[in-house]
Amino acid sequence: MLALQGNTAPYMLYAYARIQGINRKVGSEDLDLASVEIVLDDVSEKSLARHLIRLPRILAELEIELKPHILCDYIFELSQKFNQFYERCSIANADSEELKRSRLVLAQLTARVLKLSLHLLDIKPLERL
């Protein structure tokens, strides 16, 4: 049996698949990421956003050090931060449409970073788990 908890590939794949499930449920296909103002009210939103913007530094470090575990650690932490965000901040039932779009953007950006990172590690992201 595969472990869906802890620092494992299935745990990170689960975070990506969860975001794809949110997209299917909420219907975010027409969401223009560039036009949405991101609202960071909750501590988990701020933590997730801060982690997402670390990606360029992580990739630069990975390029210099040639140690894939650096990227693995980053996406494990990203998966944790996304799951904390998901538990604390309702996306589908957000208090306003603006907040819903903002949270969808955070989820979309997380999915893009997870997908890129998993591809760099030669792991195929799964739409469903």
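Look up a bit, the structure's there.
Residues numbered from 1 in each chain as written. Predicted model: local features only at pLDDT ≥ 70, side-chain atom pairs only at ≥ 80, totals over all residues. Heavy atoms only, no water.

So, on to the environment of Ile70. With respect to the helices and strands, Ile70 occurs in helix 4 (residues 69-88). In sequence terms Ile70 and Leu59 are 11 residues apart; their C-alpha atoms lie 8.6 Å from each other. If sequence neighbours within four positions are ignored, Ile70 has contacts with Ile58, Glu61 and Glu65. (Helix = DSSP H or I, 4+ residues; strand = E, 2+ residues; numbered from the N terminus. Contact = heavy atoms within 4.5 Å.)

A word on the pattern of salt bridges. By the definition in use, this model includes 4 salt bridges. We note a salt bridge from Asp42 to Arg88, for which the minimum N-O separation is 2.9 Å. Of the two residues, Asp42 is situated in the loop between helix 1 (9-26) and helix 2 (43-52) and Arg88 in helix 4; the sequence distance between them amounts to 46 residues. Using a relative accessible area of 53% as the deciding quantity, one classes Arg88 as exposed. (Salt bridge = Lys/Arg side-chain N within 4 Å of Asp/Glu carboxyl O. Buried < 20%, exposed > 50% of the residue type's maximum accessible area, 1.4 Å probe, protein only.)

Once that is clear, we can look at helix 2. Here helix 2 has its buried residues at Ser44, Glu45, Leu48, Ala49, His51 and Leu52. Projected down its long axis, helix 2 shows its buried positions confined to an angular sector of 160°, all on one face. Those residues of helix 2 that are exposed and aimed more than 90 degrees away from the buried face are Val43 and Arg50. Summarising the contacts, the buried residues of helix 2 are in contact with helix 3 (55-65), helix 4 and helix 5 (97-120). (Arc of directions from axis to C-beta.)

Before going further, it helps to examine the packing of aromatic side chains. Here the structure, examined in full by the defined rule, presents 3 aromatic pairs. When the ring of Tyr11 is compared with that of Phe76, the centres are 5.6 Å apart and the planes differ by 55°; the resulting orientation is tilted. One end of the pair, Tyr11, is in helix 1; the other, Phe76, is in helix 4, with 65 residues separating them in the sequence. The pair Tyr11 / Phe76 is uniform in exposure class, with both members buried. (Phe/Tyr/Trp six-rings, centres within 6.5 Å; stacked < 30°, edge-to-face > 60°.)

The geometry of a pair of packed helices is captured by two quantities: the angle between their axes and the separation between those axes. For the pair helix 1 and helix 5, interaxial distance at closest approach is 10 Å and the crossing angle is 140°. Regarding the angle of helix 1 to helix 5, the classification is oblique. In terms of crossing hand, the pair formed by helix 1 and helix 5 is left-handed. The segment helix 1 lies against helix 5, with Met12, Leu13, Ala15, Tyr16, Ile19, Gln20, Ile22, Asn23 and Val26 engaging Lys100, Leu104, Ala107, Gln108, Thr110, Ala111, Leu114, Lys115 and Leu118. Grouping the constituent residues of the contact of helix 1 with helix 5 by class yields 12 nonpolar, 4 polar and 2 charged. (Axes fitted to C-alpha atoms, helices over the stretch in contact; angles between N-to-C directions. Parallel < 35°, antiparallel > 145°, perpendicular 65-115°, else oblique. Left-handed = near helix turned anticlockwise from the far one by under 90°. Nonpolar A, V, L, I, M, F, W, Y, C, P; charged D, E, K, R; others polar.)

Even without a glycine there, the phi angle at Leu66 is positive, about 55°. Looking at where Leu66 falls in the secondary structure, it is placed in the loop between helix 3 and helix 4. Look at Leu66 and you get exposed, because its relative accessible area is 67%. At Asp122, a residue that is not glycine, the phi angle is positive and equals roughly 60°.

Function cannot be inferred from these measures alone, as they are strictly geometric.
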